[in-house]
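These are the residues of each chain, in order.
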Amino acid sequence: MSSQSASLIPQLRQASRQMVRELGFMQATLAATDYPPSAVHALLEIGQGHALTAGDLVTLLGLEKSSVSRLVRKLVEAGEICELAHEQDARSKKLQLSARGRQTLEGIDHFAQTQVAAALAHLSAEQQRSASAGIADYARALRAVRLGEAPEQLACGTIARGYRPGVIGRIAEMHARYYAALAGFGQPFESLVAADMAELMGRLHNPRNEVWVALQGERIIGSIAIDGEGEGGEAILRCFILDDAARGQGLGRRLLAEALAFCDQWGFAATRLWTFKGLDAARALYEEQGFVLVQEQVGEQWGATVTEQCFVRPGVELCSRY
């Protein structure tokens, strides 16, 4: 450990303790509910709609299997969740929020959004960006330690938020190389991506817009962006791309998670994206995160004839109504 890292430990410990206290984790119940923190976190994870099992919660929450079993049983008895048959594994049951559970989750989300928004109001725009990126990196590192992942696994790619020199050209280059090989797109497509990104980067002063990059050292190896000025209070997910050498490392999933967490924080009515038919790996990621195909049409705007597809993910407030 370097002397610089050692000097940060007391500060991080103090900040961690203070966050735990200020967020209410020292209390018997959390987020204006009658439930302890473990139950609140379970409801939040189940409410993401990823068909979790009790075994999934063991990993996500870092609790013993017996503790999770008791927790699930209590939530079922309270009418907050229900257990469904698992299509692929007869020994497991999928967990799903009940109508009461969705109402409880709506209250939790409202409480948390209000709490975080009030804290962000005390920070400048730059401080908000730094806090979000720093906390996310620190949380990932803590999780990696708990799961026994080697530091090299984290070093394969880090996620950074916000504009950095060269990002527009690098995003255009990654798109151009990938889609030229995959679909035969040429100069018109590369120019379109570069122009779109340049336009969006000029609006990053609006905190509802953001860009994230995956880095290997200082080299950009992936990107994703959110345009938060869509019609009807929607966000537009844009420029989601990975360098060929960065695929298969989980970076795409991490980038998408960062962008969607940002969308949930802002409470957009929905998140919309346009892609085209045939990108099965990307589609699987989108559907895993709750996106639904809502429209298909033949288009040529990208330099070749493709079947364009529009996917939409309802916002947190909309999800809580179903």
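Conventions adopted
- Residues numbered from 1 in each chain as written.
- Predicted model: local features only at pLDDT ≥ 70, side-chain atom pairs only at ≥ 80, totals over all residues.
- Heavy atoms only, no water.
- Helix = DSSP H or I, 4+ residues; strand = E, 2+ residues; numbered from the N terminus.
- Buried < 20%, exposed > 50% of the residue type's maximum accessible area, 1.4 Å probe, protein only.
- Contact = heavy atoms within 4.5 Å.
- pLDDT = per-residue confidence, 0-100.
- Pairing = 2+ DSSP bridges.
- Axes fitted to C-alpha atoms, helices over the stretch in contact; angles between N-to-C directions.

Visitor: Before we move on, could you go through the environment of R143 and cite the residues and values that matter?
Guide: Note that R143 resides in helix α6 (residues 125–146). In this structure R143 comes out as partly exposed when scored by relative accessible area, which is 36%. Leaving out residues up to four positions away in the same chain, R143 has contacts with T59 and E149.

Visitor: Please provide a residue-by-residue account of the confidence of the model for the protein chain, values included.
Guide: Per-residue pLDDT for the protein chain has a mean of 86; in total, 90% of the residues score no lower than 70. Element-level mean pLDDT values for the protein chain span from 46 in helix α12 (residues 316–319) up to 95 in helix α4 (residues 65–77). Low pLDDT, under 50, characterises residues 318–322; the predicted model gives this stretch five contacts beyond four residues in sequence or across chains.

Visitor: Describe the sheet that holds strand β9 (residues 306–314), with residues and values.
Guide: The seven strands lie next to each other as β3-β4-β5-β6-β7-β9-β8, forming an open sheet whose pairing is mixed. In this open sheet, the two edge strands, each paired with only one partner strand, are β3 (158–161) and β8 (292–299). For this sheet the average axis-to-axis angle between neighbouring strands, irrespective of direction, equals 25°. Across two bridges, the pairing between strand β6 (residues 235–242) and strand β7 (residues 270–276) is parallel. Bridge assignment links I236 to a residue of β7, and that residue is R272. Packing against the sheet, helix α11 (residues 280–288) makes contact with β6, β7, β8 and β9, and its axis sits at approximately 20° to β9.

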